[in-house]
Amino acid sequence: MLFRSRQIFEDHGHSLPLETFNQCIGTDFNTWSPKTHLEDLTGNAIDWHSLDETRQAGIEKNLEGAPAMPGISEAVAAAKTAGMKLAVVSSSSHRWVDGWLERIGLFEQFDTTVCRDDAERIKPAPDLYLEAARQLNLEPATCLVVEDSLNGIKAAIAAGMQSVAIPNRVTACSDFSIDRKSTRLNSSHALISYAVFC
């Protein structure tokens, strides 16, 4: 997604720094919109319909055959063996989230998936995480969230949950120190020896 967005910015004579783009990671364009940002920079309205179709097709092609982040499958298996309840909570659609979990062979490992249409507000609001806790029949304070975005960490904090940040290659430049209770891990492999699931 970042590469395609950067290409669109470059085609219009502007750059898209990683730190700027990260404002929309883990949420939607209502929180911060690269589209609005580019139109503000250029002073022109842009025909986004065709650009969006091309961008989405490029994203899906780029992700074809992509495996889970290294260490995730092992950590999920360890959590299941320990009898922990697991959920995937995302600001994306069920079509996107459930579809990718199926493709990487992890869908059946989770007790539930909670996505954008399952609560009134998405991240950085706490609604999705609170809905996940409700579905799992857990108190929010007993849950530990694993996130790769700053908006996700903000949502976890707002939900009253502990959080662990494992940045991806796009969010690695983010400052996850907004909450002293949050922990940052540099690798998903560390999850296996860390109590990071609800």
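Preceding block: the structure.
Just so we're clear, the structure is a prediction, and the values are computed from it rather than from any experiment.

(A) Broad picture of the overall build of the protein. Summing up its helical and strand segments, the protein has 8 helices and 5 strands in all. The order of helices and strands in the protein, counted from the N terminus, is α-α-α-α-α-β-α-β-α-β-α-β-β. Counting every position in the protein, which comprises 198 residues, the buried fraction comes to 42%. If you take every contact in the protein between residues at least 6 apart in sequence, the share linking residues at least 24 apart comes to 57%.

(B) Layout of the nonpolar core. In terms of nonpolar packing, the biggest core is built from 14 residues, with Val 89, Val 114, Leu 128, Tyr 129, Val 145 and Met 161 touching the most fellow members. Listing elements by their share of this core, those giving two or more residues are helix 7 (127–136) and helix 8 (150–158). For this core, the leading source of residues is helix 7, giving 4 residues. Apart from residues lying up to four places away in sequence, Tyr 129 is in contact with Val 89, Lys 123, Val 145, Glu 147, Gly 152, Ala 155, Ala 156, Ala 159 and Met 161.

(C) Fine view of the pairing of strand 3 (residues 144–147). Summarising the sheet, strand 3 and strand 4 (residues 162–165) pair through 4 bridges and their orientation is parallel. Bridge pairing in strand 4 links Val 145 to Ser 163.

(D) Structural detail: the sheet that holds strand 5 (residues 183–184). Pairing is parallel in the open sheet, where 3 strands are placed in the order 3-4-5. Edge strands, defined here as strands with exactly one partner in the open sheet, are strand 3 and strand 5. Against the sheet, helix 8 touches strand 3 and strand 4, its axis set at about 165 degrees to strand 4.

(E) Spatial organisation of helix 6 (residues 94–103). Buried within helix 6 are the following residues: Val 97, Asp 98, Trp 100 and Leu 101. Down the axis of helix 6, the smallest arc covering the buried residues is 160 degrees, so these residues share one side. Opposite the packed face of helix 6, turned more than 90 degrees from it, sit the exposed residues Arg 95 and Arg 103. Remark: Gly 105 follows helix 6 within two positions and exhibits a positive phi of approximately 75 degrees.

(F) Geometry of the pairing of strand 4. As for the winding sense of the linkage, the β-α-β connection from strand 3 through helix 8 to strand 4 is right-handed. Relative to strand 5, strand 4 runs parallel, the two sharing 2 bridges. By the bridge assignment, Val 164 is partnered in strand 5 with Thr 183.

(G) Seen up close, unusual backbone geometry. Following Lys 123, the chain continues to Pro 124 via a peptide bond in cis, the omega torsion being 15 degrees. As for its placement among the helices and strands, Pro 124 is situated in the loop between strand 2 (112–114) and helix 7. Even without being a glycine, Asn 137 presents a positive backbone phi close to 60 degrees. Locating Asn 137 in the fold gives a position in the loop between helix 7 and strand 3.

(H) Representation of the pattern of salt bridges. Within this structure, the stated rule accounts for 4 salt bridges. In this structure, the salt-bridge partner of Lys 80 is Asp 111, at a minimum N-O distance of 3.9 Å. Of this pair, Lys 80 sits in helix 5 (residues 72–81) while Asp 111 sits in the loop between helix 6 and strand 2, and the two are 31 residues apart along the sequence. According to the relative accessible area criterion, Asp 111 is partly exposed, its value standing at 43%. Across the pair Lys 123 and Glu 147 runs a salt bridge, and its minimum N-O distance is 2.6 Å. Of this pair, Lys 123 sits in the loop between strand 2 and helix 7 while Glu 147 is found in strand 3, placing the two residues 24 residues apart along the sequence.

(I) Summary view of the environment of Ala 172. Of note, Ala 172 is situated in the loop between strand 4 and strand 5. For the pair Ala 172 and Asn 22, spaced 150 residues apart in the sequence, the C-alpha separation amounts to 9.7 Å. Once residues within four sequence positions are removed from consideration, Ala 172 is found in contact with Pro 167 and Arg 184.

Cut-off values and rules
Residues numbered from 1 in each chain as written. Predicted model: local features only at pLDDT ≥ 70, side-chain atom pairs only at ≥ 80, totals over all residues. Heavy atoms only, no water. Helix = DSSP H or I, 4+ residues; strand = E, 2+ residues; numbered from the N terminus. Buried < 20%, exposed > 50% of the residue type's maximum accessible area, 1.4 Å probe, protein only. Contact = heavy atoms within 4.5 Å. Core = buried A, V, L, I, M, F, W, Y, C linked by side-chain atoms within 4.5 Å. Pairing = 2+ DSSP bridges. Axes fitted to C-alpha atoms, helices over the stretch in contact; angles between N-to-C directions. Arc of directions from axis to C-beta. Right-handed = clockwise from strand over helix to strand, strands pointing away. Salt bridge = Lys/Arg side-chain N within 4 Å of Asp/Glu carboxyl O.

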